[in-house]
Amino acid sequence: MDLSRFFNEEIMAALSREEIEALNRLSVFRTPVPGDSIKDATEGCLLELERKAIISATEGALYTIHDALENVIYSSQSRQERESCHREAARYYMGDLLRRGPEPELLQEDETNIVECLYHLVKGREYDTALHLLQTYGEEMLDRGYLSDFMALIEEIDVEKLDETGEARLLKLKGDILTVWGEWKEAAKLYQEALSKADDELMTGRLRNKLANVKEHLCEWDQAIEEYGNAIEIFERVGNRKGI
């Protein structure tokens, strides 16, 4: 009997509904988490699962499912159940990030929370919220080296679920990552595509400024000068001195 069948037929049958739901919610986390991150899981429930050797806890009371069972539990859920658990996990990691205002100071200890929150938002198909978080923290997180992490998450977003504004933001972020990697021609294509979808003047100004920078690296001087001029004109019109 394989592990998946054994777990479903022998172990799951002996668990309460509360214990099963706690395991489903815990299975989506990629790192050990405190008990209060697992929605509706009581301390007694977690202690019982620990007693049954299905989960373990560190000295700091951070819970995780034993490696051999984690994927079995995760895979046993329907897609809708997994997505729901991912959305709940995202709310835990989000914490007070979005309550700090539009331009909060990014603390070093927030970095993991941001990456994990984005991971769960994407897995939970909460794309609008993920894009908002990317817009808020994206540039600074890229500066801190989270290029591959962000690109992997971006590639999982279902573009067909986005409106044109959301798609423009996504294309811009992909372009930003490619510029750091020195893939100037591909970045230029993404910025130009984003420009065709952007419906906000400030976003348009930022995209033209990014495109100008790429054209400069490609030694396409006339286009670079033209795009810098377009960007400055927009920034002056909308009163964005920072962009200038």
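Right above here is the structure, for reference.
Before going into details, it helps to say that this report is about the structure given with it. Because the structure is a prediction, the values reported are computed rather than measured.

## Let's talk about the environment of Val-159
Consideration 1: Note that Val-159 resides in the loop between helix 8 (147-156) and helix 9 (164-180).
Consideration 2: Of the residues examined, Val-159 reaches a relative accessible area of 33% and is grouped as partly exposed.
Consideration 3: Once you skip the residues sitting within four places of it in the chain, Val-159 turns out to touch Glu-167 and Leu-170.

## Some points on the pairing of strand 3 (residues 62-65)
Consideration 1: Residues Tyr-63 and Ile-65 of strand 3 are buried on one face, while the alternating residues Leu-62 and Thr-64, pointing to the opposite face, are not.
Consideration 2: The pairing of strand 1 (residues 33-34) with strand 3 spans two bridges and is classified as antiparallel. Residue pairing across strands places Pro-34 opposite Leu-62, the latter belonging to strand 3.
Consideration 3: As paired strands, strand 2 (residues 55-57) and strand 3 are joined by three bridges and run antiparallel to one another. When the sheet's bridge partners are listed, Ile-55 is paired in strand 3 with Ile-65.
Consideration 4: Between the antiparallel neighbours strand 2 and strand 3 lie four residues, among them Ala-61 with a positive phi of about 60°.

## Some thoughts on the sheet that holds strand 3
Consideration 1: Taking strand neighbours across the sheet as the criterion, the three strands line up as 1-3-2 in an open arrangement whose pairing is antiparallel. Looking at the sheet topology across the chains shown, the edges are occupied by strand 1 and strand 2.

## What to know about the environment of Glu-156
Consideration 1: With respect to the element layout, Glu-156 can be found in helix 8.
Consideration 2: Measuring from C-alpha to C-alpha, the distance between Glu-156 and Tyr-119 comes to 9.5 Å, with 37 residues separating the pair along the chain.
Consideration 3: When residues no more than four places from it in sequence are discounted, the contact partners of Glu-156 are Val-122, Lys-123 and Tyr-127.

## Points about helix 7 (residues 127-143)
Consideration 1: If you check helix 7, its first and last C-alpha atoms are 23 Å apart, about what 17 residues at 1.5 Å a residue would give, namely 24 Å.
Consideration 2: In the structure, helix 7 departs most strongly from a straight axis at Tyr-137, where the bend amounts to approximately 60°.
Consideration 3: Every buried residue of helix 7 is listed here: Tyr-127, Ala-130, Leu-131, Leu-133, Leu-134, Tyr-137, Gly-138, Met-141 and Leu-142.
Consideration 4: Taken together, the buried residues of helix 7 touch helix 6 (110-123), helix 8 and helix 9.
Consideration 5: Residue Gly-145 follows helix 7 closely and has a positive phi angle near 100°.

## A look at empty space enclosed by the protein
Consideration 1: Considering all chains together, one arrives at one cavity of 30 Å³ or more under this definition.
Consideration 2: In this structure, the largest cavity occupies an estimated 40 Å³ of space.
Consideration 3: Around the largest cavity, the lining residues are Leu-118, Val-122, Ala-130, Leu-134, Phe-150, Leu-153, Ile-154 and Ile-157.
Consideration 4: Elements supplying a minimum of two residues to the lining of the largest cavity: helix 6, helix 7 and helix 8.
Consideration 5: Of the residues contributing to the lining of the largest cavity, the split by class is eight nonpolar, no polar and no charged.

## Describing the packing of helix 10 (residues 184-195) against helix 11 (residues 201-217)
When two helices pack together, their arrangement is given by the angle between the helix axes and by the axis-to-axis distance.
Consideration 1: Two elements in contact, helix 10 and helix 11, have axes whose closest approach is 9 Å; the angle formed by their N-to-C orientations is 155°. The orientation of helix 10 relative to helix 11 falls into the category roughly antiparallel. Classified by chirality, the crossing of helix 11 by helix 10 is left-handed. Facing Trp-184, Ala-187, Ala-188, Tyr-191, Gln-192, Ala-194 and Leu-195 of helix 10, the residues of helix 11 in contact are Thr-204, Leu-207, Arg-208, Lys-210, Leu-211, Asn-213, Val-214, Lys-215 and His-217.

What counts and how
- Residues numbered from 1 in each chain as written.
- Predicted model: local features only at pLDDT ≥ 70, side-chain atom pairs only at ≥ 80, totals over all residues.
- Heavy atoms only, no water.
- Helix = DSSP H or I, 4+ residues; strand = E, 2+ residues; numbered from the N terminus.
- Buried < 20%, exposed > 50% of the residue type's maximum accessible area, 1.4 Å probe, protein only.
- Contact = heavy atoms within 4.5 Å.
- Pairing = 2+ DSSP bridges.
- Expected span 1.5 Å × (residues − 1).
- Bend = angle between axes of the 7 residues up to and from the residue.
- 1 Å grid on protein atoms, 1.4 Å probe; cavity = no way out; pocket = protein on both sides within 12 Å on 5 of 7 lines; lining within 4 Å.
- Points joined across faces, edges and corners; volume = space filled by probe spheres on them.
- Nonpolar A, V, L, I, M, F, W, Y, C, P; charged D, E, K, R; others polar.
- Axes fitted to C-alpha atoms, helices over the stretch in contact; angles between N-to-C directions.
- Parallel < 35°, antiparallel > 145°, perpendicular 65-115°, else oblique.
- Left-handed = near helix turned anticlockwise from the far one by under 90°.

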